[in-house]
Amino acid sequence: MSRQQRTVLALLLISQIALAGCRPIQPRYLHSDGDLSHYLDSATDLEYPDVEQEQLPDAAFSNAPLTISDPDFSNFWDVTLEEAVSIALQNSKVIRTTSNSLATNPSAARVPDGLQRSAETAPTVYDPAVFESSPQGVEAALSEFDAQIVGGMNGLGGAPIGRRNGVNQIVGGVVTHIPQNLNPAFAGLFGTQVLDQQQLNFNAEISKKTATGATFAIREISLYNSTNSRGVGVPSTWTSQLQVDAHLPLLRGRGTLINRIPTVIARTNTDIALADFEANVRNLVSDIENQYWNLHCSYRFLALQKKARDNALATWRIVETDTRRQAHEKARSRQQYFQFRAQVESALNDLQRNEHVLRYLMGLAVADGRVLRPIDDPTTARVDFDWTTVNAEALMRTPEVREQKWRIKQAELNLIAARNNLLPELNAYAQYEAFGLGDELIRASGSDRFPATGSTAVDEMLSGDYQNVRFGFEFFMPVGFRAELAGVRNAQLSLARDHARLEDLELNTSHQLGQAIRDLDTNYHLLETQFNRWRAAKDEVDNLRALFEGGLGSLDILLDAQIRITLAEQAYYQSLCDYQRSIAAVHYRKGSLLEYDNVYLAEGPWPAKAMWDALGHARRRDAAKYVNYGWSRPNVISQGQTSQMQNGASGEFLEGSFETEGAYETLGTPTPMMQPQGSGRQPEVIEAPQGEPQNGSKILYQGSLPKAPVPSLKAPQRSILNSAAAAPQQSTLQLVNHYEPIADSGNHEPVANSSNRQINWPAAK
């Protein structure tokens with residue numbers, strides 16, 4: 001190659017290297033077709049699980065939610081509190097609760113999103129059963145005392161299946177060929193130079209641990225041995241052994257109490273799970289009750305805001321047609337109309353929100369063409385509780401207190417187990433063994449005795465000629481018990497910690513109950529005061545309106561008075577609903593809310609096969625001879641079943657009369673527990689006005705709403721009556737039965753069940 005050609009080639013190579021740079025290059029393959037469909041460029045990706053489950057119809061086929069822009073619905077669903085609780089419990093496989101079970105603000109209701117944040121921790125009706133059947137449950141703990149069967153086969157060689165021409169027939173196996181350390185000159189006298197041997201071991205055992213800690217076992221061992229060693233009676237033999245063992249602890253691990261501690265702790269864990277379940281159901285019922293009265297308040301607020309809006313509209317029209325009014329007065333009246341109109345829209349939104357939350361708690365669809373409307377009337381009768389009674393009841397019936405007491409019982413059992421470890425181990429054991437040796441294992445016609453050919457190991461064992469008995473003691477003790485003493489100290493500190501938690505929990509429970517009692521009394525007085533405030537505001541508006549229509553009053557003062565009467569009426573309804581919630585809050589704090597709402601917790605029905613098997617076990621036990629095992633029973637850890645019904649012992653007094661299922665319950669007047677000493681002064685009660693404050697001369701809606709059909713459940717005991725016969729007394733407050741449906745017509749005539757929910761606002765000039 002000439003110098004010029006080498007130069008050109010070098011320049012070409014340099015240019016190729018410069019253009020290629022340092023990037024990696026994939027190798028080339030002869031049979032590559034470019035199909036890279038099997039190539040994956042990522043290790044993980046968002047995928048959808050292959051789970052086939054029908055979607056919930058209430059979620060998949062729900063109507064669009066009600067809004068201010070689209071408020072149309074078919075009719076009202078008049079629902080009682082009892083119906084709401086019953087439907088919610090029937091639809092609550094997952095127990096739905098809000099973030100605060102004692103929420104009292106109707107405008108702050110929201111559907112909680114906790115289920116989306118952590119669905120795996122949501123309480124369900126399956127939780128107690130899931131825990132009961134878990135590896136930490138009672139059945140798993142009791143399995144420690146179940147009989148255990150163990151079997152095995154090991155060894156070298158194979159087992160004979162019979163004899164042919166006096167020679168054992170071997171199936172499979174490995175022949176052991178091991179040289180022996182023998183002098184060849186004496187190999188014929190003492191053995192063989194090369195040992196050929198086959199061995200096979202069969203064993204089967206059944207053992208059981210008792211509640212006292214003793215362990216009993218019975219086992220059978222069969223050993224086959226075939227050898228070419230000299231000096232043996234027969235070239236192959238079977239050995240059969242039947243052993244009965246007993247192992248009894250005398251110090252550590254002795255007694256039914258110690259050995260049943262894991263089972264008892266598992267049972268207390270189930271009780272803790274049941275207490276958690278009761279608390280979750282209680283929270284659900286509390287949420288439903290509070291949300292029911294929140295929705296009741298929302299209907300009240302919407303009605304009064306619509307009255308205020310209509311009054312503002314009437315005032316605006318009067319001002320607009322009065323030539324004596326100034327421009328700023330017309331603007332002020334117009335501004336107030338739109339202010340009340342905005343409050344109506346806000347009240348309607350709050351109503352829709354509260355109805356939505358109540359639907360969620362009841363397990364219903366977002367919308368189904370109906371609107372829930374509470375029809376239970378709130379009570380205005382005064383309710384008082386005897387503090388000594390309800391405080392003692394709260395410390396006994398609150399699920400959290402009961403759950404903590406179960407934890408204390410667990411800590412006590414752990415302390416007993418830790419102290420038992422301070423004892424040395426002293427165990428007694430005994431073993432009985434029957435032994436047999438033969439040419440074969442078993443044969444129906446075998447009668448020869450060993451070492452004759454044809455003898456059987458089982459016959460030799462059953463003859464009873466060869467028996468062994470072993471017995472003795474075992475002792476073990478660590479010097480210093482360092483780990484055991486640390487375990488005892490840890491158990492003592494854990495028990496002290498649980499006792500401290502119980503004491504503080506009881507203190508907290510008492511304080512929470514005291515706060516609920518105080519709120520109940522405060523809300524009743526506020527209810528009374530707000531009613532009188534409403535009465536005074538109504539009188540003010542009536543007088544100012546008369547002066548204004550006569551041309552003597554001030555427009556500004558009238559408009560301010562209209563705002564004040566709206567606020568007064570709203571405050572009254574807010575106090576009325578707060579009073580209902582405060583009654584339920586007292587029952588919540590004293591642990592009787594489920595009884596108050598007629599909810600009873602019980603185990604679900606068992607399958608028919610389980611009931612049949614239980615009946616068979618009971619009949620067999622009845623036919624057997626009774627043996628009193630009282631000496632082996634552990635100490636009692638439970639006081640029996642928790643009473644869910646107190647039969648009226650709740651310390652509750654009602655002053656006045658109220659209607660329950662068409663009948664009137666009359667109760668006595670309680671003696672005040674706290675009065676100024678020496679004063680003899682009774683609390684001041686301002687007489688409530690007779691009749692309902694009217695809005696002008698027209699009542700927007702008056703009369704009772706249609707009642708819902710009576711459900712199949714037992715009527716709820718809405719109050720625990722404490723007997724004290726007295727003459728009927730009327731409540732110091734008159735309940736204003738004032739419902740206005742969401743829908744109304746342009747002339748504001750009463751509408752019972754309107755299918756057109758579109759609100760026709762009065763036209764403004």
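Up top is the structure these notes are about.
The structure contained in this document is the topic of the report that follows. (Residues numbered from 1 in each chain as written. Predicted model: local features only at pLDDT ≥ 70, side-chain atom pairs only at ≥ 80, totals over all residues. Heavy atoms only, no water.)

A closer look at the overall build of the protein chain
Here is step 1: Within the protein chain, the secondary structure is distributed over 17 helices and 15 strands.
Here is step 2: Relative to its 765 residues, the protein chain shows a buried fraction of 39%.
Here is step 3: Taking contacts inside the protein chain between residues at least 6 apart in sequence as the whole, the part at least 24 apart equals 81%.
Here is step 4: Accessible surface, the protein chain as shown: approximately 44800 Å² in total, 55% of it carbon and sulfur. (Helix = DSSP H or I, 4+ residues; strand = E, 2+ residues; numbered from the N terminus. Buried < 20%, exposed > 50% of the residue type's maximum accessible area, 1.4 Å probe, protein only. Contact = heavy atoms within 4.5 Å. Areas by Shrake-Rupley, 256 points an atom, 1.4 Å probe, with all protein chains shown as cover.)

Describing the environment of Ile206
Here is step 1: Assignment of secondary structure puts Ile206 in strand S6 (residues 194-209).
Here is step 2: Judged by its relative accessible area of 39%, Ile206 is partly exposed.
Here is step 3: For the pair Ile206 and Phe216, spaced 10 residues apart in the sequence, the C-alpha separation amounts to 8.6 Å.
Here is step 4: Ignoring anything within four residues of it in the chain, the contact list for Ile206 reads Ala147, Gln148, Ile149, Phe216, Ala217 and Ile218.

Digging into the packing of aromatic side chains
Here is step 1: Enumeration according to the criterion identifies 12 aromatic pairs in this entry.
Here is step 2: Ring centres of Trp316 and Tyr337 lie 5.4 Å apart, and the angle between their planes is 35 degrees; on these two criteria the pair is classed as tilted. Taken as a pair, Trp316 in helix H9 (residues 261-321) and Tyr337 in helix H10 (residues 327-362) lie far apart in primary sequence, 21 residues in all. Summarising the burial analysis for this pair, Trp316 and Tyr337 share the class buried.
Here is step 3: Taken together, a centroid distance of 5.3 Å and an interplanar angle of 65 degrees make the contact between Phe531 and Tyr572 edge-to-face. Of this pair, Phe531 sits in helix H14 (residues 482-549) while Tyr572 sits in helix H15 (residues 555-589), and the two are 41 residues apart along the sequence.
Here is step 4: For Tyr572, a relative accessible area of 0% puts it in the buried group.
Here is step 5: Through a chain of ring-to-ring contacts, three or more aromatic side chains come together here, namely Phe531, Trp534, Tyr572 and Tyr573. (Phe/Tyr/Trp six-rings, centres within 6.5 Å; stacked < 30°, edge-to-face > 60°.)

Points about empty space enclosed by the protein
Empty space among the atoms becomes apparent when a probe as large as a water molecule is rolled across them.
Here is step 1: Under the criterion given, the structure shown has 4 cavities of 30 Å³ or more.
Here is step 2: Along the wall of the second largest cavity there are 15 residues; nearest its centre are Glu278, Arg397, Gly591, Leu594 and Gln644.
Here is step 3: Elements represented by at least two residues in the lining of the second largest cavity include exactly H9, helix H12 (399-420) and helix H16 (593-596).
Here is step 4: Here the lining of the second largest cavity takes 3 residues from H16, the largest share from any one element. (1 Å grid on protein atoms, 1.4 Å probe; cavity = no way out; pocket = protein on both sides within 12 Å on 5 of 7 lines; lining within 4 Å. Points joined across faces, edges and corners; volume = space filled by probe spheres on them.)

Brief notes about the pattern of salt bridges
Here is step 1: Under the definition given, this model contains 31 salt bridges.
Here is step 2: The partner of Arg252 in a salt bridge is Glu484, and the shortest N-O contact between them spans 3.9 Å. Placement of Arg252 in the loop between strand S8 (236-249) and helix H8 (256-259) and of Glu484 in helix H14 is noted, with a sequence separation of 232 residues between them.
Here is step 3: Residue class for Arg252 comes out buried when judged on its relative accessible area of 15%. (Salt bridge = Lys/Arg side-chain N within 4 Å of Asp/Glu carboxyl O.)

What to know about the side chain of Thr239
Here is step 1: Note that Thr239 resides in strand S8.
Here is step 2: Thr239 sits in the buried class, given a relative accessible area of 11%.
Here is step 3: If sequence neighbours within four positions are ignored, Thr239 has contacts with Ile221, Ser222, Leu223, Phe435, Gly436, Leu437 and Ala457.

Some points on the pairing of strand S11 (residues 425-438)
Here is step 1: Judged from the 12 bridges that link them, S8 and S11 form a sheet pairing that is antiparallel. Along S11, the bridge assignment pairs Ala246 with Ala430. (Pairing = 2+ DSSP bridges.)

As for H14
Here is step 1: Compared with the 100 Å implied by 1.5 Å per residue over 68 residues, the 96 Å span of H14 between its first and last C-alpha is a close match.
Here is step 2: Residue Gly551 follows H14 closely and has a positive phi angle near 85 degrees. (Expected span 1.5 Å × (residues − 1).)

Observations concerning unusual backbone geometry
Excluding glycine, a negative phi dihedral is what most residues carry, and trans is how most peptide bonds are arranged.
Here is step 1: At Phe481, a residue that is not glycine, the phi angle is positive and equals roughly 50 degrees.
Here is step 2: With respect to the helices and strands, Phe481 occurs in the loop between strand S12 (467-476) and H14.
Here is step 3: For Phe481, a relative accessible area of 14% puts it in the buried group.
Here is step 4: Unusually for a residue other than glycine, Asn598 sits at a positive phi of about 60 degrees.
Here is step 5: Within the secondary structure, Asn598 sits in the loop between H16 and helix H17 (608-623).

Some details on the environment of Tyr524
Here is step 1: Of note, Tyr524 is situated in helix H14.
Here is step 2: Tyr524 sits 52 residues away from Leu576 along the chain, and the two C-alpha atoms are 8.0 Å apart.

Notes on the packing of H12 against H14
Here is step 1: Remark: H12 packs on H14, axes separated minimally by 9 Å, with the N-to-C direction vectors making an angle of 165 degrees. As far as their axial angle goes, H14 and H12 are roughly antiparallel. For the element pair H12 and H14, the recorded crossing hand is left-handed. Counted together, Glu400, Val401, Gln404, Lys405, Arg407, Ile408, Ala411, Glu412, Asn414, Leu415, Ala418 and Arg419 of H12 and Gly487, Val488, Ala491, Gln492, Leu495, Asp498, His499, Arg501, Leu502, Leu505, Glu506 and Thr509 of H14 form the full contact between these two elements.
Here is step 2: Looking at side-chain class alone, the contact of H12 with H14 contains 10 nonpolar, 6 polar and 8 charged residues. (Axes fitted to C-alpha atoms, helices over the stretch in contact; angles between N-to-C directions. Parallel < 35°, antiparallel > 145°, perpendicular 65-115°, else oblique. Left-handed = near helix turned anticlockwise from the far one by under 90°. Nonpolar A, V, L, I, M, F, W, Y, C, P; charged D, E, K, R; others polar.)

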